[in-house]
Amino acid sequence: MLDAKFVLENKDFVVKLTADRGIAVNLDEFVRLSEEKKTLLKKSEDLRCARNKSSELVSQYKRDKKDAAALIADAKKIGDEIQQLDDEIRRLDDRVRFALLNIPNLPHESVPVGKDSADNMIVRTWGAPTVFDFAPQAHWDVGTRLGILDFDRAAKITGSRFTVYLGAGARLERALINFMLDLHTKERGFCEVLPPFIANDVSLTGTGNLPKFAGDLFKLEGYPWYLIPTAEVPLTNYYRDEVVDGGILPRRLCAYTPCFRSEAGSYGKDIRGLIRQHQFNKVEMMVFSQPDSSFEELEWMTASAEEVLKRLGIPYRVVLLCTGDMGFASQKTYDLEVWMPSRNGYMEISSCSNCGDFQARRANIRFKREPKAKPEFVHTLNGSGLAVGRTVSAILENYQQADGSVVMPERLRPYMDGLA
RNA sequence: GGAGGGAUGGCCGAGUGGACGAAGGCGGCGGUCUUGAAAACCGCUUUCCGGGUUACCGGAACGGGGGUUCGAAUCCCUCUCCCUCCGCCA
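Residues numbered from 1 in each chain as written. Chains lettered and ligands numbered in written order. Predicted model: local features only at pLDDT ≥ 70, side-chain atom pairs only at ≥ 80, totals over all residues. Heavy atoms only, no water.

Some details on the confidence of the model for chain A
Applied cut-off: Along the chain, pLDDT gives the predictor's confidence residue by residue, from 0 to 100. Where helices and strands are cited, they refer to DSSP runs of H or I of at least four residues and of E of at least two residues respectively, numbered from the N terminus.
Looking at chain A, the pLDDT average stands at 92 and 100% of residues meet or exceed 70. Ranking the elements of chain A by mean pLDDT puts strand S7 (residues 242-245) last, at 84, and helix H10 (residues 294-312) first, at 98. This complex was scored by the predictor with a pTM of 0.91 and an ipTM of 0.85.

Here is the structure:
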């Protein structure tokens with residue numbers, strides 16, 4: 001959520017930057033409602049002032065044992081008027097807030113302006129696309145033939161877009177989770193968190209998933225609860241409605257969680273394999289930062305995700321998303337894309353974003369520079385480090401052998417009981 | 001699942017319709033005293049919104065929301081969270 005006052009004072013700027021994102025924001029309604037609300041609020045406050053004064057008089061009269069009936073009748077009339085005004089103000093306020101919630105974050109000045117993924121900027125590339133002296137298979141074929149992925153039985157148990165990992169496959173998934181968590185916690189200064197996998201509607205609103213993207217979520221029937229689409233939700237909301245001591249910043253958290261997404265509207269896209277599942281595992285990184293250093297934190301976080309791929313020896317590149325391709329809450333986003341032989345191209349495996357104070361304002365997360373200082377909103381950053389299922393698919397494809405077997409990346413072998 | 005109890009400022013804790021933005025204590029800040037410190041004593045000590053250059057003025061806030069009332073921390077409804085006991089369960 002943007003600052004209402006900022007939007008009112010910088011209408012053209014907001015319209016221009018959201019237009020860069022390909023979103024036409026009409027602020028007329030927002031401005032009109034805000035002004036109307038302000039006028040009514042002033043009126044209501046003046047009336048309250050009058051009522052407070054006469055109430056005080058009533059109180060005096062009673063103490064002096066004088067008759068206050070006329071005063072009370074008067075005050076009642078004022079009270080009715082206030083009630084009417086307040087009803088109207090409440091309605092206006094809801095609409096103002098709703099309008100504000102539907103405005104996306106403003107892109108940072110370093111973000112290239114563009115329409116879609118074609119306009120993204122490749123920042124750097126690590127490793128060269130894997131070369132094979134045989135025809136490489138897609139990971140779902142590799143995994144199915146090895147008996148470590150079972151899509152058919154998963155479809156029986158639940159439905160499409162689910163997977164059963166079996167034997168070494170399950171072991172690989174678990175090994176990757178541990179490998180990633182160990183790297184982030186032991187070497188990169190993240191604190192490990194194991195949060196709830198279900199979050200309430202207030203939390204989802206704090207991160208920007210609600211109200212606009214309710215259709216992407218799985219909701220629990222009979223509860224205002226949702227399966228988390230990413231650990232970003234519980235991690236960001238960890239400090240919701242708090243004023244934290246500035247001394248704890250930058251606060252770096254990381255968490256392994258499963259993620260649940262309805263993938264509504266993606267029918268026919270990536271239906272095979274592990275790429276687009278209703279349930280997948282992810283290790284998520286989260287940073288609460290001082291506003292002054294959040295973009296440096298973004299570089300650090302992105303480097304942490306890259307380190308995972310470097311150690312696994314998977315070729316990848318870093319892409320700076322253009323204005324049109326960024327997520328709703330983000331100010332600047334780097335995607336990490338790994339080489340996928342089956343597509344003869346790159347595939348997103350991580351997304352690292354600086355949300356600035358956008359989420360912090362929605363979720364009301366503030367900090368104090370000094371104990372006596374005024375609270376300011378923190379900046380929040382989140383990034384995958386990494387999507388585990390996609391990492392499995394990248395390993396199966398890039399490390400496959402002519403005989404259909406898969407060699408384990410060396411750094412992963414200790415996590416696989418030495419299995420090569 | 002059943003039965004009770006609770007939520008008040010940075011913290012503890014009083015407050016059952018009007019003088020309460022809220023006693024008292026702790027903590028914090030300033031001062032007196034002291035070579036310095038401690039103790040003692042005195043004073044100050046919430047946040048947000050609107051208006052005025054400043055002193056200031058107005059409004060709001062006692063877990064959230066709604067209601068009763070001229071007036072609500074206080075009465076009613078509702079939601080959330082916490083605690084105790086019973087039952088059940090990993």
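Brief notes about the protein's contact with RNA strand B
Worth spelling out the cut-off: Distances are taken per atom, and a residue is near a molecule or strand as soon as one of its heavy atoms is within 4 Å of it. Polar contacts, as counted here, are pairs of nitrogen or oxygen atoms within 3.5 Å of one another; within protein the pair requires one atom able to donate a hydrogen and one able to accept it, and residues that are adjacent in sequence qualify only if both atoms are side-chain atoms. The residue classification treats Ala, Val, Leu, Ile, Met, Phe, Trp, Tyr, Cys and Pro as nonpolar and Asp, Glu, Lys and Arg as charged. All others, Gly included, are polar.
Taken together, 18 residues are adjacent to RNA strand B, and Asn-52, Ser-55, Arg-63, Ala-75 and Arg-90 come closest. Backbone atoms, meaning sugar and phosphate, form 60% of the atoms of RNA strand B found within 4 Å of the protein. Between RNA strand B and Glu-45 there is a distance of 3.5 Å, counted from a base nitrogen to a side-chain nitrogen or oxygen. Measuring from a phosphate oxygen of RNA strand B, one finds a side-chain N or O atom of Lys-76 at 3.4 Å. Listing elements by their share of the surface near RNA strand B, those giving two or more residues are helix H3 (28-63) and helix H4 (69-101). Sorting elements by how many residues they give to the surface near RNA strand B places H3 first, with 11 residues. Classifying every residue of the surface near RNA strand B by side-chain character gives 4 nonpolar, 4 polar and 10 charged.

Concerning the layout of surface pockets
In plain terms, the rule: A pocket here means an open set of points on a 1 Å grid, computed over the protein atoms alone, that has protein on both sides within 12 Å along at least five of seven lines. A cavity is instead a set of points where a 1.4 Å probe fits but cannot get out; residues with an atom within 4 Å of a point line either one. Grid points are joined across faces, edges and corners, and a volume is the space filled by probe spheres set on the points.
Roughly 440 Å³ of volume is contained in the second largest pocket. Of all the secondary-structure elements, those providing two or more residues to the lining of the second largest pocket are helix H1 (4-9), H3 and H4. Within the lining of the second largest pocket, the residues separate by chemical class into 8 nonpolar, 1 polar and 10 charged.

Some points on the pattern of salt bridges
Test applied: When a carboxyl oxygen of Asp or Glu is within 4 Å of a side-chain nitrogen of Lys or Arg, the pair counts as a salt bridge.
Evaluated as defined, the whole model comprises 25 salt bridges. In this structure, the salt-bridge partner of Arg-276 is Asp-270, at a minimum N-O distance of 3.1 Å. When salt bridges with common partners are traced through the structure, they connect Glu-29, Arg-32, Glu-36 and Arg-95 into a single cluster.

Focus on the packing of H3 against H4
The following threshold applies: Between N-to-C directions, angles cover 0 to 180 degrees, with each direction set by a line fitted to C-alpha atoms, over the stretch in contact for helices. For classification purposes, angles smaller than 35 degrees are called roughly parallel, those larger than 145 roughly antiparallel, those between 65 and 115 roughly perpendicular, and all remaining angles oblique. Here a crossing is taken to be left-handed if its near helix is turned anticlockwise relative to the far helix by less than a right angle, and right-handed if that turn runs clockwise.
Contact geometry for H3 and H4: axes closest at 8 Å, N-to-C directions at 155°. Our classification of the angle between H3 and H4 gives roughly antiparallel. Considering how the two elements wind past one another, H3 and H4 form a crossing that is left-handed. Residues belonging to the contact of H3 with H4 are distributed by class as follows: 20 nonpolar, 4 polar and 13 charged.

Some words on a nonpolar patch on the surface
Defined as follows: By definition, no residue in a patch forms a salt bridge, and every one has over 30% relative accessible area; like charges are joined within 9 Å, nonpolar side chains (Val, Leu, Ile, Met, Phe, Trp, Tyr) within 5 Å. In these tables, accessible area is a Shrake-Rupley quantity obtained with a 1.4 Å probe, and a residue counts as shielded only by the protein chains included in the view. Each residue's exposure class comes from its accessible area (1.4 Å probe, protein chains only) as a fraction of the maximum for that residue type: buried when under 20%, exposed when over 50%, partly exposed otherwise.
Where nonpolar side chains cluster on the molecular surface, the patch consists of Leu-194, Phe-197, Ile-198, Tyr-223 and Trp-225 and spans about 500 Å² of accessible area. Secondary-structure assignment places Phe-197 in the loop between strand S4 (191-193) and strand S5 (198-200). Taking relative accessible area as the criterion, Phe-197 reaches 30% and is therefore assigned partly exposed.

Brief notes about the nonpolar core
Applicable threshold: Take the buried Ala, Val, Leu, Ile, Met, Phe, Trp, Tyr and Cys residues and link them wherever side-chain atoms come within 4.5 Å; each set so joined is a nonpolar core. We call two residues in contact when some of their heavy atoms are within 4.5 Å.
Membership of the largest hydrophobic core comes to 50 residues, with the highest contact counts inside it found for Leu-172, Leu-176, Val-338 and Ile-395. Ranked by residue count, the leading element in this core is helix H7 (residues 168-187), at 8 residues. When near neighbours in sequence (up to four residues on either side) are disregarded, Leu-172 contacts Val-392, Ile-395, Leu-396, Met-408, Leu-412 and Met-416. Counting 26 residues, the second-largest nonpolar core is a separate cluster that includes Leu-2, Val-14, Leu-17 and Leu-85.

Examining the environment of Lys-37
Along the chain, Lys-37 falls in helix H3. The residues touching Lys-37, leaving out its near neighbours within four places in the chain, are Ile-89, Leu-92 and Asp-93.

Points about the sheet that holds S7
Through backbone hydrogen bonds, the strands of a sheet pair up, either in parallel or in antiparallel fashion. Convention followed: DSSP calls a pair of strands paired once it identifies at least 2 bridges connecting them.
The mixed open sheet is built from 3 strands, whose spatial order is S7-S13-S14. The two strands at the open ends of the sheet, each matched to only one other strand, are S7 and strand S14 (376-377).

A few points about the pairing of strand S12 (residues 345-354)
Counted residue by residue, S12 has 9 buried out of 10 residues, so it is predominantly covered. Direction of pairing for strand S11 (residues 332-340) relative to S12: antiparallel, over a ladder of 9 bridges. Bridge assignment links Thr-333 to a residue of S12, and that residue is Ser-353. Adjacent in sequence and paired antiparallel, S11 and S12 are bridged by 4 residues, among which Asn-344 carries a positive phi angle near 50°. Relative to strand S15 (residues 379-387), S12 runs antiparallel, the two being bridged by 3 bridges. From the neighbouring strand, Cys-352 faces S15, where its bridge partner is Gly-383.

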